[in-house]
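Each chain, written out:
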Amino acid sequence: MPQGVVIIGGQWGDEGKGKIVDYYTMKADLVCRFQGGNNAGHTLVVDGKQTILHLIPSGILHPHARCLIGSGVVVDPEIFLQEISVLKKAGVSKLEERIFLSDRAHLIMDYHKSLDAAREGRKGGSGKIGTTKRGIGPAYEDRASRRGVRVADLYNESAFTEKVKNNFEEKNFLLEKYYGAPACSVEKLIEKYREIAKQLKPYVKDVSAYLSDEINKGSKILFEGAQGVLLDVDYGTYPYVTSSHTLPSQAALGLGVRIPVDTLFIGVIKAYSTRVGEGPFPTELNDAMGEKLRETGHEYGATTGRPRRCGWLDLVSVKYSMRVSGMKNLAITKADVLSGIDELKICTHYMHKGQRIDTFPADTSILSEVTPVYETLPGWKEDLKGIRTANDMPKNLVNYLKFIEEKTGARFHLVSTGAGREAVINIHDAF
Ligand code: IMP
């Protein structure tokens, strides 16, 4: 039984990781986020009640679990406090004893959000990424260029004021003169963050030290990834990616710990593919089937409400994702969405100018030109909702899963068959 499990998205995000994290949290002591920010959106349905979280780990809905936000996460403190208030209203208790925020995490400031929106909205501008406009990219840029403001800075007023004032000069110049967008007011912002600092204080911790102690004590740790491998800043479909590393190796860096030696990496994939924002998507379906997948699967972004682009399962991308992240174990979600479709297609490789392609090329423009090659498998008619054991799965679903296992060398741990916490078939125990 491993001491740690890292859960990451094996595609372009939105694979339904929140649900899988929620499932494994039953057996974990701590749930930790290590990258990304409130660009993520985890939809959880417990006892028929839906909760959407963007920043606080979804494990918080289990009363026994403690939740950590590591230094690798960029934190919009207003969103953090809003989620705390939503959780309190929903009766989730002891939050100050259960949620800890790294003092080294970088803050998403108002000017990051303004810049993100200004760049995306630039008239006639090329290079639109289709971001969530949550300020994620600009905040990570400031971290790398050493202009970032960190949680710890909130408690050193003179340093905070100086950093923010310096940043303002540059950001306002860019906003006003380059993007023609409204500038931000420095005085208002400093005042706002003074108040935020007070409210945030009970949650701030040296997360690296705390988690290291817990790992040494033998606590069970769940590392909760956001987005997906194909959105990783280096290994994703660059530049149509997010600005952080989404691979399991980021778990150690983004929390400042040595993760337990016996940690299992689980990649979550959807039974088909989806993507939001711009960028190549070889198996995208711009037809009635794509529309059917979007409607049956409620494929609208949990963060922005944007309709997700939908397509058949792409094993070239899944195999690539498994290689760069070192995953051998998978969970598959939304198998129920495929119920009732007569024939299911799975992409096994691509063709490009007469050449066979079996992996993701670094040149993203090639990926937009490839033709996917499919194998067709018979679908299943059965409603999967009540099914709880592998033995009760329809034969054609078993074949669909076997086909994926054979082509990728992966092993499935879980099959999710609906939004609710109970709609899961456990094939192999992780913890
Ligand atoms: P950003 O992370 O807001 O900068 O957006 C960069 C790209 O990542 C865009 O294509 C977004 O749609 C995508 N993205 C960011 N977060 C998520 C997510 O949680 N799920 C799916 N796509 C995401």
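Provided above is the structure to which this section pertains.
Quick notes on the rules
- Residues numbered from 1 in each chain as written.
- Predicted model: local features only at pLDDT ≥ 70, side-chain atom pairs only at ≥ 80, totals over all residues.
- Heavy atoms only, no water.
- Pairing = 2+ DSSP bridges.
- Helix = DSSP H or I, 4+ residues; strand = E, 2+ residues; numbered from the N terminus.
- Contact = heavy atoms within 4.5 Å.
- Axes fitted to C-alpha atoms, helices over the stretch in contact; angles between N-to-C directions.
- 1 Å grid on protein atoms, 1.4 Å probe; cavity = no way out; pocket = protein on both sides within 12 Å on 5 of 7 lines; lining within 4 Å.
- Points joined across faces, edges and corners; volume = space filled by probe spheres on them.
- Nonpolar A, V, L, I, M, F, W, Y, C, P; charged D, E, K, R; others polar.
- Near = heavy atom within 4 Å.
- Polar contact = N/O pair within 3.5 Å; in protein donor to acceptor, adjacent residues only side chain to side chain.
- Areas by Shrake-Rupley, 256 points an atom, 1.4 Å probe, with all protein chains shown as cover.
- Core = buried A, V, L, I, M, F, W, Y, C linked by side-chain atoms within 4.5 Å.
- Buried < 20%, exposed > 50% of the residue type's maximum accessible area, 1.4 Å probe, protein only.
- Parallel < 35°, antiparallel > 145°, perpendicular 65-115°, else oblique.
- Left-handed = near helix turned anticlockwise from the far one by under 90°.
- Salt bridge = Lys/Arg side-chain N within 4 Å of Asp/Glu carboxyl O.

Engineer: Explain the sheet that holds strand β9 (residues 204-205) here, please?
Structural biologist: Whenever strands of a sheet pair, they do so through backbone hydrogen bonds, lying parallel or antiparallel. Taken in spatial order, the 10 strands line up as β9-β7-β5-β2-β10-β1-β11-β15-β19-β20 in an open sheet, and their pairing is mixed. Across the chains shown, the open sheet's two edge strands, defined by having one partner strand only, are β9 and β20 (424-426). Set on the sheet, helix α1 (residues 17-25) makes contact with β1 (4-9), β2 (30-33), β10 (221-224), β11 (263-270), β15 (329-333), β19 (411-416) and β20; between it and β19 the angle comes to about 100°.

Engineer: Even after reading the chapter, I still don't get the layout of surface pockets, so can you show me in this structure?
Structural biologist: Any empty space left between atoms is shown by rolling a water-sized probe over those atoms. Of the pockets and cavities examined, the second largest pocket occupies roughly 160 Å³. In this structure, the second largest pocket is lined by G72, G137, Y140, E141, R143, A144, V233, S243, S244, H245, Q250 and L253. Secondary-structure elements contributing two or more residues to the lining of the second largest pocket are α5 (136-144) and α9 (250-253). In terms of residues, the lining of the second largest pocket owes the most to one element, α5, which gives five residues. Looking at the lining of the second largest pocket residue by residue, the classes come out as four nonpolar, six polar and two charged.

Engineer: Got a minute to help me understand the site of the ligand in this structure?
Structural biologist: Around the ligand sit 15 residues in total, of which D14, N39, T132, T242 and R306 are the nearest. Contacts to the ligand include Q227, whose side-chain N or O atom sits 3.2 Å from a nitrogen atom. R306 places a side-chain nitrogen or oxygen 2.9 Å from an oxygen atom of the ligand. Contact with the protein chains hides 97% of the accessible area of the ligand, taken as 470 Å² for the molecule alone. Across the shell around the ligand, the residue classes break down as six nonpolar, seven polar and two charged.

Engineer: Would you explain the nonpolar core in this entry?
Structural biologist: Nonpolar side chains in soluble globular proteins tend to be buried together. Core analysis: the biggest nonpolar cluster contains 66 residues, and L211, F223, L338 and Y400 have the highest contact counts within it. Per-element accounting of this core gives the leading share, six residues, to helix α11 (residues 315-325). L211 has contacts with C32, L68, I221, F223, L255 and V257, leaving out every residue within four places of it along the chain. Judged by nonpolar contacts, the second largest core, of 57 residues, contains V31, F168, C184 and I190.

Engineer: Please explain α5 as it appears in this structure.
Structural biologist: Residues that lie three or four places apart on an α-helix share one face, since the helix turns once every 3.6 residues. If you check which residues of α5 are buried, you get I136, G137, P138, A139, Y140 and D142. Tucked into the core, α5 has its buried residues touching β6 (74-75), β8 (106-107), α4 (110-121) and α6 (157-178). Where α5 terminates, the next one or two residues include R146, which has phi positive at roughly 65°.

Engineer: What is the right way to read the packing of α4 against α6 from this model?
Structural biologist: A pair of packed helices is captured by two measures, namely the crossing angle of their axes and the spacing between those axes. Packing of α4 against α6 brings their axes to within 10 Å, and their N-to-C directions diverge by 20°. In terms of orientation, α4 and α6 fall into the roughly parallel class. Handedness of the crossing formed by α4 with α6: left-handed. Listed contacts from α6 to Y111, S114, L115 and A118 of α4 are N167, F168, K171, L174 and L175. Here the residues of the contact of α4 with α6 are counted per class, giving six nonpolar, two polar and one charged.

Engineer: Would you explain the pattern of salt bridges in this entry?
Structural biologist: For side chains of opposite charge, pairing can occur when their charged atoms come near one another. Tallied over the full model, the rule gives 26 salt bridges. K192 serves as the salt-bridge partner of D110, at 2.6 Å between the closest nitrogen and oxygen. With a gap of 82 residues between them, D110 in helix α4 and K192 in helix α7 (residues 186-200) connect regions that are remote in the sequence. Accessibility expressed as a relative area gives 26% for K192, which makes it partly exposed. The residue E170 makes a salt bridge to K171 at a minimum N-O spacing of 3.3 Å. For E170, a relative accessible area of 31% translates into the label partly exposed. On the basis of relative accessibility, which here comes to 5%, the residue K171 falls in the buried class.

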